[in-house]
Amino acid sequence: MKKKILFVCPTNRWEARERSLVHDIKIALARGSEVVFYGLKDSPIDKHLYSDKIKKNYHPGLVQTHFFLWPKLTILSSLLEDTELALVHCYKLNILWPICFFLRGNKEVSVIHSQYFELKKNYRVLWHRLLIRRCDMIFVPFEHLVKNSWSRLGMPARKIEVRPPLLIEDEKFNEEAVIFDKFEQFYSIGIYVSDSDKSVHKFWSYIKALEVSNEYFNWKKPIKLVFVTEGLWSEKSVYQGLKQKVLETGVEEHVVFYSGGKPSNYIQHFDLWMSLLKGEGLDDFSLMAISIGTPILVPRHPSTVEFFSVYGKVGETYKNNDVREIVRMWEKLLSDPDTYQDQIEMASGQIRKEHSYENQENQYFRAYEKVVMRRERYRLRKAGSTAPKN
């Protein structure tokens, strides 16, 4: 059976979807597959793909995939013509359409699409219905996206599979990288800032909530808000604007910009882990926080509501940009942490089991074998029907 897999995701984002792609590639390499990547040069994904076993190909120019521009996607179309190719795994819907179009006459290559975002637009016109038939399976991270993908894309429910978010397990905790022993006199709240976060405005409500909390609440100890990132802060486009906003609000004494390397180095040391509003909903870092015992405060979203219904009260949700609610939830979580700890202890083991790398690997290759073997049988039937008869 052919084992070459083409992973497609031309984007400059670095969120749960992109981190999942990187780990899917690691799974494929571990299983002995030949891996080809198609994306943007110098994107966060590109920089996180270190292995020299990965053949990289880059999308030309901006990510514009209007129908009239498809003839310019010559690199992509040539990759799809590879006779050794077994599977295409796509992570962006706008690039899925040209993939399905280029493969319309090639029935031997399987197509899987991972849909992380709730679709607001209908893709049910004849043109899209003809193209989506070329897709063998759609992965979604949460149950609520099954109905959304079925209704918006017209994909049969039997071809949509829930593949829970991967619990990313980095290297062993590096205690030397931790600075939070210096903050024992504070409540520490962590927020991850990625390369995708370019707008200072999205952080305003947290900075304002910090000002209100420390000024008007009689805490046992004040709150320190810790912005964490990978790499150098000087390389983040949002850094200067964010620092200026902190100075203007007058809370610089209670804000730390920390470059902490791998998330597992620091998440377990926070009193509370917060996540920003993302299109994917519940992010993988919040999942990691619960798995190592840290309560979470996450934006209210169908995925977070679904998560709490499964794992119990392991944190709280808040309305995006609602300063009052953020402050109220900080008070609720930080003033009575024992209320959440018992539930977190029960949930952490369940999360480590259900969202483990092993489960992800097994589910991925069950799906891989299912769709690829179906296409392989088609190829063998086709070869048998065209064989000369004696």
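Residues numbered from 1 in each chain as written. Predicted model: local features only at pLDDT ≥ 70, side-chain atom pairs only at ≥ 80, totals over all residues. Heavy atoms only, no water.

1. A short note on the sheet that holds strand β9 (residues 223–229)
Strand order in the open sheet made by the 6 strands is β10-β9-β8-β11-β12-β13, with parallel pairing throughout. In the strand order of this sheet, the two ends are held by β10 (255–259) and β13 (315–318), each with one partner. Sheet twist, expressed as the mean angle between neighbouring strand axes with direction ignored, is 25 degrees. Note that strand β11 (residues 272–274) and strand β12 (residues 296–299) share 2 bridges and pair parallel. Paired with M274 across the strands is L297, a residue of β12. Where helix α8 (residues 239–249) meets the sheet, it contacts β9 and β10, and its direction lies at approximately 160 degrees from that of β10. (Pairing = 2+ DSSP bridges. Helix = DSSP H or I, 4+ residues; strand = E, 2+ residues; numbered from the N terminus. Axes fitted to C-alpha atoms, helices over the stretch in contact; angles between N-to-C directions. Contact = heavy atoms within 4.5 Å.)

2. Some thoughts on α8
When α8 is considered as a whole, its buried residues turn out to be Y239, L242, V246 and T249. The arc enclosing the buried residues of α8, seen along the axis, measures out at 100 degrees, which places them on a common side. α8 presents Q240 and E248 as exposed residues on the side facing more than 90 degrees away from its buried surface. Those residues of α8 that are buried are in contact with α7 (204–216), β9 and β10. G250, located one to two residues past α8, shows a positive phi value of around 80 degrees. (Buried < 20%, exposed > 50% of the residue type's maximum accessible area, 1.4 Å probe, protein only. Arc of directions from axis to C-beta.)

3. Quick word on empty space enclosed by the protein
Within this structure, the stated rule accounts for 5 cavities of 30 Å³ or more. A16, R19, S20, Y116, P141, F142, P165, L166, I168, E280, L282 and D284 are the residues that line the largest cavity. At 3 residues, the largest contribution of residues to the lining of the largest cavity is made by helix α1 (residues 16–30). Partitioning the lining of the largest cavity into residue classes produces 8 nonpolar, 1 polar and 3 charged. (1 Å grid on protein atoms, 1.4 Å probe; cavity = no way out; pocket = protein on both sides within 12 Å on 5 of 7 lines; lining within 4 Å. Points joined across faces, edges and corners; volume = space filled by probe spheres on them. Nonpolar A, V, L, I, M, F, W, Y, C, P; charged D, E, K, R; others polar.)

4. So, the packing of aromatic side chains
All told, the structure shown has 21 aromatic pairs when counted by the stated rule. Measuring from ring centre to ring centre gives 5.3 Å for W70 and F101, while their planes differ by 45 degrees; the resulting arrangement is tilted. Here W70, found in the loop between β3 (54–58) and α3 (74–80), pairs with F101, found in helix α4 (residues 93–102); they are 31 residues apart in sequence, far enough to count as distant. A relative accessible area of 4% places W70 in the buried class. Centroid distance F365 to Y368: 5.1 Å. Interplanar angle 50 degrees. Geometry classified as tilted. Of this pair, F365 and Y368 both sit in helix α13 (residues 357–386), 3 residues apart, which is roughly one turn of the helix. (Phe/Tyr/Trp six-rings, centres within 6.5 Å; stacked < 30°, edge-to-face > 60°.)

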